[in-house]
2 protein chains.
Amino acid sequence: MPEPRRADARRNIERILAAALELYGSRPGVSMSDVAKAAGVGRVTLYAHFPSRADLGAAVAERAVAETVAALSGLGLDALPADEAVAAMLRGQWRIFERNEYLRGNIVADVEPERLRAGHDPLMEYLTALLARGRAEGVFRGDLPTGWLITAFYHLVHAAADEQRAGRLTPAEAVEALVATVLSVLRNSAVGQRD
Amino acid sequence: MPEPRRADARRNIERILAAALELYGSRPGVSMSDVAKAAGVGRVTLYAHFPSRADLGAAVAERAVAETVAALSGLGLDALPADEAVAAMLRGQWRIFERNEYLRGNIVADVEPERLRAGHDPLMEYLTALLARGRAEGVFRGDLPTGWLITAFYHLVHAAADEQRAGRLTPAEAVEALVATVLSVLRNSAVGQRD
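Remember, it's a predicted structure, so these values are computed and weren't measured experimentally.

**Comments concerning the environment of leucine 77 of chain A**
Residues and elements named next belong to chain A. Relative to the assigned elements, leucine 77 resides in the loop between helix H4 (53-73) and helix H5 (82-107). A relative accessible area of 3% means that leucine 77 is categorised as buried. Measuring from C-alpha to C-alpha, the distance between leucine 77 and serine 26 comes to 28 Å, with 51 residues separating the pair along the chain. Discounting chain neighbours no more than four positions away, the residues touching leucine 77 are Leu72, Ala85, Ala88, Met89, Tyr126 and Arg133.

**Looking at the domain arrangement of chain A**
Residues and elements named next belong to chain A. Each assigned domain of chain A is listed with its residue range as follows: domain 1 (1-51) and domain 2 (53-186). At the interface, 18 residues of domain 1 touch 13 residues of domain 2. With both sides pooled, the region where domain 1 packs onto domain 2 buries about 1,400 Å², and carbon together with sulfur makes up 66% of that total. Summed over the shared surface of domain 1 and domain 2, the number is one salt bridge. Glutamate 14 is the salt-bridge partner of arginine 63, the closest N and O atoms lying 2.8 Å from each other. Between the two partners, domain 1 and domain 2, sit seven residue pairs in polar contact (both at pLDDT 80 or more). Elements represented by at least two residues in the side of domain 1 that touches domain 2 include exactly helix H1 (2-24) and helix H2 (32-39). Element by element, the count of residues in the side of domain 1 that touches domain 2 is highest for H1, at seven residues. Of the residues assigned to the side of domain 1 that touches domain 2, the class counts are twelve nonpolar, four polar and two charged.

**Points about the UniProt feature "DNA-binding region" (unreviewed entry) in chain A**
Following the UniProt record, one finds the feature "DNA-binding region" (unreviewed entry) at residues 31-50 of chain A. Between the C-alpha atoms that bound residues 31-50 of chain A the distance is 13 Å, and the span itself is 75% helix and 0% strand.

**Description of the packing of helix H4 (residues 53-73) of chain B against helix H5 (residues 82-107) of chain B**
Residue and element names in this part refer to chain B. Viewed as axis vectors pointing N to C, H4 and H5 meet at an angle of 180 degrees, and their least axial separation amounts to 11 Å. Looking at the two axes, H4 sits roughly antiparallel to H5. For the pair H4 and H5, the contacting residues are Arg53, Gly57, Val60, Ala61, Ala64, Glu67, Thr68, Ala71 and Leu72 in the first and Met89, Gln93, Ile96, Arg99, Asn100, Leu103, Asn106 and Ile107 in the second. Classifying every residue of the contact of H4 with H5 by side-chain character gives nine nonpolar, five polar and three charged.

**Some words on the relation of the copies chain B and chain A**
Between chain B and chain A, the superposition needs a rotation of 180 degrees and an axial shift of 0.0 Å, giving an RMSD of 0.0 Å. When the rotation and shift are considered jointly, the pair of chain copies conforms to a two-fold rotation axis.

**What to know about the UniProt feature "domain: HTH tetR-type" (unreviewed entry) in chain A**
Under the UniProt annotation, "domain: HTH tetR-type" (unreviewed entry) lies at residues 10-68 of chain A. For residues 10-68 of chain A, helix accounts for 78% and strand for 0%, while the C-alpha atoms at its two ends are 22 Å apart.

**Section: the interface of chain B and chain A**
Each side of the interface is counted separately: chain B has 27 residues, and chain A has 27 residues. Seen at the junction of chain B and chain A, the total is two salt bridges. For glutamate 114 of chain B, the salt bridge identified is with arginine 168 of chain A, shortest N-O distance 3.5 Å. Summed over the shared surface of chain B and chain A, the number is ten residue pairs in polar contact (both at pLDDT 80 or more).

Reading the values: the criteria
Residues numbered from 1 in each chain as written. Chains lettered and ligands numbered in written order. Predicted model: local features only at pLDDT ≥ 70, side-chain atom pairs only at ≥ 80, totals over all residues. Heavy atoms only, no water. Helix = DSSP H or I, 4+ residues; strand = E, 2+ residues; numbered from the N terminus. Buried < 20%, exposed > 50% of the residue type's maximum accessible area, 1.4 Å probe, protein only. Contact = heavy atoms within 4.5 Å. Domains from an automatic or database assignment. Buried area = accessible area lost by both parts, 1.4 Å probe. Salt bridge = Lys/Arg side-chain N within 4 Å of Asp/Glu carboxyl O. Polar contact = N/O pair within 3.5 Å; in protein donor to acceptor, adjacent residues only side chain to side chain. Nonpolar A, V, L, I, M, F, W, Y, C, P; charged D, E, K, R; others polar. UniProt positions renumbered as here; feature names shortened; annotations may be inferred. Axes fitted to C-alpha atoms, helices over the stretch in contact; angles between N-to-C directions. Parallel < 35°, antiparallel > 145°, perpendicular 65-115°, else oblique. Least-squares fit on C-alpha atoms with pLDDT ≥ 70 in both.

Here you go:
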């Protein structure tokens, strides 16, 4: 009976990923046992599907990226000028970015940086397209490589999440400081600034 | 004979810190045994002075910060307008910032973030004073908290070092992208931009 067994496996993988996403996104220091328990599967089943923390971490990151891109696509950013789209993205997705920051803390020591980076490709592509549109509209700068601007964007998101987590900025302050800072980085300084 | 023994201890601590700074700054994955060997001391001596990786890491970070501040003080930045001072700091100290990035990779998992942050106080104070001067000169923005701007500054330094280490930017490209980006973040957009 291979069919039901495959369906069981798919269901277990789903349960594990959903539990890991929830746990990794809510607190630091989550163990593989915590994930197995929350998913309602045994450790043997967990390790059968994800032989190492690196494998689980990479799969969770991939899932989080897919959810983030899906949520972004629902914001209707295409209708906005590129700089307003970036601001709306940060304001609208801040809770998801925050969750992803906790995820990152749980995953970053387990997964090689380049593998983690590759898992972010769909989000990178989304941002790359948005930056290209902003350049074409003359709103964003053209003097720095797109790859660098995206890296700077991510590091500033991490910075704002860190400041909020440490209690040095409230969530509202963190996201507004982030919006102002990211727009300063992206905008073409030759063009009048709208805010 | 307590005097010679104290002198020995001081010499051993010096040797350990010098070796750890050199090793931690040059490659990832340095072990306590690597440090003991490079310092020419036994593991017992190493652990007598630094009971844990966290203690050694915190001491190395403190030493690196002190060296960085001393080097910065030698650059004569006080004579420059604040924005030019920031650019000169980044260009002049890029090799030190780079080394500190490797250090960070070796230390960050061992030392609690808040302890590591506290170790950076002298550098934070230096940057805080420079930012305050830039605000007083009307060159730097006044609409965002200084603490946030300093955090953003550090995260952008990490970003540039990461990009360089991954081979996505040459050292020259990394530092120039960093200078342009940091100045975009710090500058008062109401003022004409010089560079």
